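# Summary of the model geometry
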Amino acid sequence: MKIIILGAGQVGGTLAEHLADEQNEIVVVDTDTETLRSLQDRLDIGTINGEASHPNTLYKAGAEDADMLIAVTNSDEINMMACQVAHSLFNTPTKISRIRSPNYLAHQTQLFTPDNIPVDVIIGPEQLVTQSIRQLIANPGALQVMDFAEGKVQLVAVRAYYGGPIVGQELKAIRQHMPKVDTRVAAIFRQDRPIIPQGDTVVEADDEVFFIAAKGNIRAVMSELRKVDKPYKRVMIAGGGNIGATLALSLESEYHVKVIEKSYDRCRVLSERLKHSLVLLGSASEPALLGQENIESTDVFCALTNNDESNIMMSMLAKRMGAKKVITLIANPAYADLVGGEIDIAISPQQITIGSLLTHVRRGDISNVHSLRRGAAEAIEVIAHGDAYSSKVVGRRLDEIALSDGVTIGAIVRGDEVLIAHSHIVVETDDHVILFLTDRSKISAVEQLFAVGFGFFS
């Protein structure tokens, strides 16, 4: 496909890297010449220096014959205007826009239509990040939680702890421990090295284990790998911006929530929006304030300001003062690699956003894409179409499907039925197949595997 990406920031640059690896024709537009030069030195892409919403810039980028426009500049207004120009002047088939402002998102069904603002897909990073953090709070002990098939199935990452029931044992022991619970370990990362698990694979302490199960069975499976944390009750949020406010609003009916915000005016806005949360004026980098607010009894401390350095330092302070779990928003990928054991979970808004964008860019009928381990791995949900004659998967047992190395099928969702992947299961038309890829370069092979009819990708 020919894809124009507007904005060469961390989201635009990372997306270009993903898509350029998959034999797409990519053109990136930005006003920063140095950033564009850096991208072009690393990737086989085209670049255009100019204003993203200007007609002449889009013309130079090749909008006349582009299949898709993805607007991810830092300005909602530029993103929306670029989509309007692409629609009105170039009839671009698919237009995706990142929209951050909750004021726009609150009216998206009325605003974003072909007759008004012609955006086909809206990506709201704040909402995506909030959903991700909420899943982590709802599943104590998880490193990452991903929903598939409208939440019927979840893929969960946990750190295996010394003393867990099956740590030091073969994976097939899970079935003996839990004969009534069906699950599958999709992958294990041991010292950052991926392992495709077999029945005789032995789980070791500190392994990062990705397993898939029906949503109702997640907690039982986690208990096999580690001591399950008690349900969280008290949440402290540092930073009352869009993400912090949205998270507090979604949690306050079920948890005791405190929000620390250093802007007096923002505190007043938050106190009007939030009905059950306690809003505090101050900085979470002040030990006296954290001590006064009983940080030692806090179950989860979330550092969600727009400053990576502040988030890291606040999280380390909160952890040392007794917070049981810290979740830290870190935009700079270099920092995410440096943080030590005091930060339990580093959240990358870029990777979460990338996963949502890739759902709409991938070839084939793909319902979900989750980018994992800072983009090194992926989990995808693809719908099987065709029949035994036109499809390479429909009508075949799982052990008859030619999967590439580094690709595993974790589960199949058929209507309301969740089928954990076992060799005897036969794929049927309209099944939702959940796959795990430890090697992201194999995505093209997966797309071709699920293509219907000869020459679908020719």
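The structure reproduced in this document is the subject of the present report. Sequence order as written defines the numbering, with residues in each chain counted from 1. For a predicted model such as this one, the threshold for reporting local features is a pLDDT of at least 70, and the threshold for listing and counting side-chain atom pairs is 80 or more; totals across whole chains, interfaces and linings nevertheless cover every residue. Heavy atoms throughout the structure, all of them, feed into the side-chain values; hydrogens and water do not.

Turning our attention to the pairing of strand S1 (residues 2-6). With a 1.4 Å probe rolled over the protein chains alone, any residue whose accessible area is under 20% of its type maximum counts as buried; one over 50% counts as exposed, and the rest are partly exposed. Think of it this way: any DSSP run of H or I at least four residues long counts as a helix, any run of E at least two long counts as a strand, and we number them from the N terminus. By the criterion of burial, S1 is predominantly enclosed, with five of the five residues buried. Burial along S1 is two-sided: Lys2, Ile4 and Leu6 and Ile3 and Ile5, pointing in opposite directions, are all buried. With five bridges connecting them, S1 and strand S2 (residues 25-30) associate as parallel partners. Each residue of the ladder has a partner; that of Ile5, found in S2, is Val28. Handedness of the crossover joining S1 and S2 through helix H1 (residues 10-20): right-handed. Any two strands between which DSSP finds at least two bridges are classified as paired. In terms of strand pairing, S1 meets strand S4 (residues 68-71) through four bridges, oriented parallel. For Ile4, the partnering residue across the bridge sits in S4 and is Leu69. For the handedness criterion, the strands are oriented away from the viewer, and a crossover whose path from the first strand over the helix to the second runs clockwise is classed as right-handed.

Taken together, Lys227, Lys230, Lys233 and Arg234 make up a surface patch of like positive charges. By the secondary structure assignment, Lys230 is in the loop between helix H9 (218-225) and strand S12 (234-238). Exposure above 30% relative accessible area and no salt bridge define the residues that can form patches, which grow by joining like charges within 9 Å and nonpolar side chains of Val, Leu, Ile, Met, Phe, Trp and Tyr within 5 Å. All accessibility values rest on the Shrake-Rupley procedure with a 1.4 Å probe; residue burial counts only the protein chains present in the view. Here a salt bridge means any side-chain nitrogen of Lys or Arg lying within 4 Å of a carboxyl oxygen belonging to Asp or Glu. When charges are counted, Lys and Arg are positive and Asp and Glu negative, with His and the chain ends excluded. Charge placement uses NZ in Lys and CZ in Arg. For Asp and Glu, CG and CD serve respectively.

If you look at the biggest cluster of nonpolar residues, it comprises 47 residues, and the most contacted ones within it are Ile5, Val28, Ile70, Leu435 and Phe450. Element by element, the count of residues in this core is highest for H1, at five residues. Contacts between residues were defined by any pair of non-hydrogen atoms, one from each residue, lying within 4.5 Å. Residues within four places of Ile70 in sequence aside, it is in contact with Ile3, Ile4, Ile5, Leu6, Leu15, Ile96, Leu357 and Val361. To qualify as a nonpolar core, a set must consist of buried Ala, Val, Leu, Ile, Met, Phe, Trp, Tyr and Cys residues joined through side-chain atoms within 4.5 Å. Grouped together as the second largest cluster of nonpolar side chains are 46 residues, Ala160, Phe211, Leu247 and Leu329 included.

Disulfides are defined as cysteine sulfur pairs within 2.5 Å. Summed over the entire model, instances satisfying the criterion amount to zero disulfides. The thiol of Cys302 is not disulfide-bonded; the next cysteine sulfur, from Cys267, is found 17 Å away. A residue is classified by how much of its surface remains accessible, and Cys302, at 0% relative accessible area, is buried.

Here the focus is the packing of aromatic side chains. Stacked, tilted and edge-to-face are the three classes applied to pairs of Phe, Tyr and Trp rings, where Trp contributes its six-membered ring and a pair requires centres within 6.5 Å; stacked means planes under 30 degrees apart, edge-to-face means over 60, and tilted covers the rest. This structure, assessed with the given rule, holds two aromatic pairs. Taking the centre distance of 5.8 Å and the plane angle of 70 degrees together, the rings of Phe189 and Phe210 count as edge-to-face. Of this pair, Phe189 sits in strand S9 (residues 183-190) while Phe210 sits in strand S11 (residues 208-214), and the two are 21 residues apart along the sequence. Take Phe210: its relative accessible area is 0%, and that puts it in the buried class. Pairing Phe210 with Phe436 gives two aromatic rings, centres 5.1 Å apart and planes at 55 degrees, and the pair type is tilted. Of the two residues, Phe210 sits in strand S11 while Phe436 sits in strand S22 (residues 432-437), which places them 226 residues apart along the sequence. Judged on exposure class, the residue Phe210 and its partner Phe436 are both buried.

On to the packing of helix H7 (residues 125-138) against helix H10 (residues 242-251), then. A fitted line through C-alpha atoms represents every axis, and for helices the fit uses only the stretch in contact; the resulting angles, taken between N-to-C directions, go from 0 to 180 degrees. Contact pair H7 / H10: the axes reach a minimum separation of 9 Å and the direction vectors enclose 45 degrees. As summarised for this structure, H7 and H10 are arranged oblique, according to the angle between their axes. H7 and H10 meet at a crossing whose hand is right-handed. For the pair H7 and H10, the contacting residues are Glu126, Val129, Thr130, Ile133, Arg134 and Ile137 in the first and Asn242, Ile243, Thr246, Leu247, Ser250 and Leu251 in the second. Under the scheme applied, nonpolar residues are Ala, Val, Leu, Ile, Met, Phe, Trp, Tyr, Cys and Pro; charged residues are Asp, Glu, Lys and Arg; polar residues are all the others, including Gly. Broken down by class, the residue content of the contact of H7 with H10 amounts to six nonpolar, four polar and two charged. Roughly parallel covers angles under 35 degrees, roughly antiparallel covers those over 145, roughly perpendicular covers 65 to 115, and oblique covers all other angles. Should the near helix be turned anticlockwise from the far one by less than a right angle, the crossing is left-handed, and should it be turned clockwise, the crossing is right-handed.

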